[in-house]
Amino acid sequence: MANRLAAESSPYLLQHAQNPVDWFPWGEEALAKAQAEQKPVLVSIGYAACHWCHVMEHESFESAEVAAVMNEELICIKVDREERPDVDGLYMDAVQAMGVRGGWPLNVFLTPDGRPFYGLTYAPPQPWVNLVRSVSKAWQENRAELERSAHQFTGALKADALRKYGLTAATTEPLLKAATLDAAFYPFQEQFDRTRGGLDREPKFPMPAHYAWLTRLYARTGATIALDHTVHSLREMARGGLFDQVGGGWARYSVDGDWLVPHFEKMLYDNGQLLTACAEAYQLAPDPELKLAVELTIDWIRREMLAPDRAVYASLDADSEGEEGRFYVWTWAELEAVFPDPVELALVGAYFRATPAGNWEHGRNILHRRGTDALFGAAHGLLSPDVAPLATTWRARLLAARTPRPRPGLDDKLLTGWNGLLLRGLCDTYRAFGDETVRELAQAVGQRLLDSLETNDAGVRLLRNLKPGGAPQPGFLEDYAAVAWGLAALYETTFDARWLLAADALLTAALTHFADPATPTGLLFYTDARTPQPLIARQKEVTDNVIPASNSLLGRALRQVGLLLAKPDYDTRARALLATVQPLVEQEPGFMANWAALYEELLTDSPEIVIIGPQADTHRAQLQRHFLPGAVVLGATEPTDALALLAGKTAGPKGQTAIYVCFHGACQRPVYDVESARAVVRARHL
């Protein structure tokens, strides 16, 4: 018999709809029942692609015996962390304040009014049952003590986010200090894994924001170690099992230190940001392996993740056929069926480092690579130019053989913020490689986001999830910032002003409805003030994780849109945000890497490059092949006053396309070719 989750649209909640646990979705009904019955609440949080969430469901939540205990002792709520990152963030902070390492599934016990008093992640069935009974017993016998604990943890959650990092709200603009940021790089680089890239730890996460900072640091200082580490890390990730060598796309993280064994779920937010990271690294150091990784990832997005309405789905599961990674791994017999020629099979096995004994569990192989195609060719008597076409053929045959397998589950939420990050990645990919089909895809995604905007007397409003029939959850700061940032990038690749004006409207809404009245120039709240049913605390994101903090995303979007629209108040606001966290950026840039990228962009004068004339799009494309951190590019084929920086700009003699390089709105004399424009920029930064 289905429980209340059967009426939900989230794939994660629907996975639990047939559980014997009497699950509620998050909302007033569950908390009202808890208040009426004076029972403790369990809020269990996860996401559709989460392997350990599946394990706990199969072991405990599908068990009638376990469910009977839970139903008797608790009011049980299931939450999709991707649909409600505010709920997840709040109770994750609570669990970490309890001294418990966070993760998913996240299981938190609350008082009937929603205050947390204990939490943990995965637990096996019998310890879980014992814990549920212990919590219930403690609630009945020592309720006052649990209430005191809940009061303390709630107080900590309501405290200003800056306090736990030893920060105070800034009252002046930041005094940007290049030498201080440079000094912060040296202890950070001591954490580099010199062999496999990334940081020297296990598990290993891609952390795209690290590379956003390092490429900008290199561009400003010429510190080759920053660029070398970026390219080496991305190349090693692209060679590892973290990257789907057959179908493209990156898994969420690697459990080992070699990028070999991933948790096999593929998340849109990783893949969108890694497109940006690879594209920017390629602009600085062209590497065919980075280009191939980008191309295969976009092929995967088109083939498996693109919704009919042109937004992109949230994720693919780690599991299929009840096993983690089953869809992606190969036995030697399975490879032999695809490549019956022993000579070819041996080559394929050597290229993807598969063996008859297997390189992973149960005699299976995770396909991965080591070294360049040139080294592989030299070791196997092949000419270097012949290796890439062979590998392309092998991938196609493997993909054809893999496609009929039972597929991992698709999480078909259409999350606005994640689509904003993907939009940015598509635009950056187009800039680096010039593939018109990528720009077309970016415009399709951008149009879907534009169509989703709701406008009323309170301004523009976003939903978190664009899935038809999805939960009408208002968007979070992450959504407003990421979509605005993506739309601004789309303007710069098309010169269509509607993208930029929509980005401006989103930033205006964010500054209006997410700001803290107590610190009007400080960090913004994660949740919209217009949100119904507010949580026990409104939080602010400070540190950058795999998804950057919403405030740092907002800062970068404000800086870019402010330059494009000649709105100095946006630049001032971005600087004020940075000022609030500047000491932490300078002390711990690894945890503040997207903030550090903003810091880099503010350290130098950012050129505003205006292109007017019939070849505006061609000149833009040539210019954007180069890495121009902090620069913005505007243009039109004919004179126009549609944007402030375009007003008064004309083409050159005989209709030549003119390029104006401006700083703070003051423009140099026009030049008429891209290299001359780049020379003007370089001369300013000498």
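Note that this is a predicted model, so its numbers are computed, not measured. (Residues numbered from 1 in each chain as written. Predicted model: local features only at pLDDT ≥ 70, side-chain atom pairs only at ≥ 80, totals over all residues. Heavy atoms only, no water.)

Caption draft 1: Focus on the overall build of the protein chain. Helix and strand counts for the protein chain come out as 25 helices and 17 strands. Against the compact-globule benchmark of 26 Å for 686 residues, the protein chain has a radius of gyration of 26 Å, which places it among compact chains. Viewed in the frame of its principal axes, the protein chain has a C-alpha envelope of about 85 × 70 × 45 Å. In the protein chain, which comprises 686 residues, the proportion classed as buried is 61%. At a minimum sequence separation of 6, the contacts of the protein chain that also span at least 24 residues come to 69%. For the protein chain, the accessible area works out to roughly 25,500 Å², and carbon and sulfur atoms hold 53% of it. (Helix = DSSP H or I, 4+ residues; strand = E, 2+ residues; numbered from the N terminus. Rg over C-alpha atoms; globule rule 2.2 N^0.38 Å. Buried < 20%, exposed > 50% of the residue type's maximum accessible area, 1.4 Å probe, protein only. Contact = heavy atoms within 4.5 Å. Areas by Shrake-Rupley, 256 points an atom, 1.4 Å probe, with all protein chains shown as cover.)

Caption draft 2: Region of the structure containing the environment of aspartate 496. Inspection of the secondary structure puts aspartate 496 in the loop between α19 (477-494) and α20 (497-513). Polar side-chain contacts of aspartate 496 include one of 2.8 Å to the side chain of arginine 498. (Polar contact = N/O pair within 3.5 Å; in protein donor to acceptor, adjacent residues only side chain to side chain.)

Caption draft 3: Main features of the side chain of serine 550. Position of serine 550 among the secondary structure elements: in helix α21 (residues 550-564). Judged by relative accessible area, which is 0%, serine 550 ranks as buried. In this structure, serine 550 is in contact with Leu477, Glu478, Ala481, Tyr526 and Glu541, ignoring residues within four places of it in sequence.

Caption draft 4: Local environment of the pattern of salt bridges. Scanning the entire structure with this criterion turns up 53 salt bridges. Taking the shortest distance from any N to any O, the salt bridge between glutamate 280 and arginine 216 comes out at 3.0 Å. Here glutamate 280 is found in helix α11 (residues 268-284), whereas its partner arginine 216 is found in helix α9 (residues 208-221), with 64 residues between them in sequence. An identical accessibility class is assigned to glutamate 280 and arginine 216; each is buried. For the salt bridge of glutamate 289 with arginine 239, the shortest nitrogen-to-oxygen distance reads 2.6 Å. Of this pair, glutamate 289 sits in helix α12 (residues 288-305) while arginine 239 sits in helix α10 (residues 224-239); the two residues are 50 residues apart in sequence, bridging distant segments of the chain. Arginine 239 shares its class with glutamate 289; the two are buried. (Salt bridge = Lys/Arg side-chain N within 4 Å of Asp/Glu carboxyl O.)

Caption draft 5: Up close: the state of the cysteines. Per the counting criterion, the structure on display carries 2 disulfides. The partner cysteine of cysteine 50 in its disulfide is cysteine 53, sulfur to sulfur 2.4 Å. Handedness of the cysteine 50-cysteine 53 disulfide follows from its S-S torsion of about 80 degrees: it is right-handed. By the burial criterion, cysteine 50 is buried, and cysteine 53 matches it. At a sulfur-sulfur separation of 2.0 Å, the disulfide partner of cysteine 662 is cysteine 667. (Disulfide = S-S within 2.5 Å.)

Caption draft 6: Spotlight on α11. Here α11 is 17 residues long and its end C-alpha atoms lie 25 Å apart, about the 24 Å a rise of 1.5 Å per residue gives. Of all 17 residues in α11, 16 are buried; the element is thus mostly enclosed. (Expected span 1.5 Å × (residues − 1).)

Caption draft 7: Spatial organisation of the pairing of strand β14 (residues 608-612). Within β14, 5 of the 5 residues are buried, which leaves it mostly tucked inside the rest of the structure. The alternating pattern of β14 places Glu608, Val610 and Ile612 on one face and Ile609 and Ile611 on the opposite face, and all of these are buried. As judged from the 5 bridges shared by β14 and strand β15 (residues 632-636), these two strands associate in the parallel manner. What sits directly across from valine 610, in β15, is leucine 634. One crossover worth recording links β14 to the parallel β15 by way of helix α24 (residues 616-624), and it is right-handed. In this structure, β14 lies alongside strand β16 (residues 658-663), joined through 5 bridges in antiparallel fashion. Residue pairing across strands places valine 610 opposite tyrosine 660, the latter belonging to β16. (Pairing = 2+ DSSP bridges. Right-handed = clockwise from strand over helix to strand, strands pointing away.)

Caption draft 8: A look at the sheet that holds strand β11 (residues 410-411). Read across the open sheet, the 4 strands follow the order β6-β7-β8-β11; overall the sheet is antiparallel. Looking at the sheet topology across the chains shown, the edges are occupied by β6 (251-254) and β11. Pairing of strand β8 (residues 315-316) with β11, which is carried by 2 bridges, proceeds in the antiparallel orientation. Note that in β11 the partner of serine 315 across the bridge is aspartate 411.

Caption draft 9: Spatial organisation of the nonpolar core. Core analysis: the largest hydrophobic core is formed by 185 residues, its most contacted members being Met70, Trp128 and Trp595. No other element matches α19, which puts 12 residues into this core. Excluding residues that lie within four positions of it along the chain, tryptophan 595 makes contacts with Leu523, Val542, Asp544, Ala549, Asn551, Ser552, Leu577, Leu578, Val581 and Val585. The next biggest cluster of nonpolar side chains, apart from the first, holds 25 residues, and it includes Trp26, Ile75, Met92 and Leu106. (Core = buried A, V, L, I, M, F, W, Y, C linked by side-chain atoms within 4.5 Å.)

Caption draft 10: Layout of a negative patch on the surface. Residues Glu295, Asp299, Asp435 and Glu440 make up a contiguous surface patch of negative charge. Examined against the element boundaries, aspartate 299 turns out to sit in helix α12. By relative accessible area, which is 38% here, aspartate 299 ends up partly exposed. (Patch = residues over 30% accessible without salt bridge, like charges linked within 9 Å, V, L, I, M, F, W, Y side chains within 5 Å. Lys, Arg positive; Asp, Glu negative; His and termini not counted. Charge placed at Lys NZ, Arg CZ, Asp CG, Glu CD.)

Caption draft 11: Structural view of the sheet that holds β14. The 4 strands lie next to each other as β15-β14-β16-β17, forming an open sheet whose pairing is mixed. The open sheet is flanked by β15 and β17 (666-667), the only strands paired with a single partner. Against the sheet, α21 contacts β14 and β15, and its axis sits at roughly 35 degrees relative to β15. (Axes fitted to C-alpha atoms, helices over the stretch in contact; angles between N-to-C directions.)

Caption draft 12: Layout of α9. With 14 residues, α9 should reach 20 Å at 1.5 Å per residue; the first-to-last C-alpha distance of 20 Å fits that figure. If you check which residues of α9 are buried, you get Pro208, Ala209, His210, Tyr211, Ala212, Trp213, Leu214, Thr215, Arg216 and Leu217. Contacts from the buried residues of α9 go to α8 (178-189), α10, α11, α21 and α23 (593-603). At the exit of α9 stands glycine 222, carrying a positive phi of roughly 75 degrees.

Caption draft 13: The arrangement of the pairing of β15 in detail. Most of β15 sits out of view: 5 of its 5 residues are buried. The two faces of β15 match: Val632, Leu634 and Ala636 on one face and Val633 and Gly635 on the other face are all buried.

Caption draft 14: Unusual backbone geometry, seen in detail. Note that the residue after tryptophan 104, namely proline 105, is joined by a cis bond; omega there is 5 degrees. Tracing the sequence through the fold places proline 105 in the loop between α5 (85-97) and β4 (106-110). Glutamate 202 connects to proline 203 through a cis peptide bond whose omega is -10 degrees. Along the chain, proline 203 falls in the loop between α8 and α9. In this model, tryptophan 259 sits at a positive phi of 60 degrees, which is unusual for a non-glycine residue. The residue tryptophan 259 is located in the loop between β6 and β7 (262-267) in this model. For tryptophan 259, a relative accessible area of 0% gives the class buried. At histidine 362, a residue that is not glycine, the phi angle is positive and equals roughly 60 degrees.

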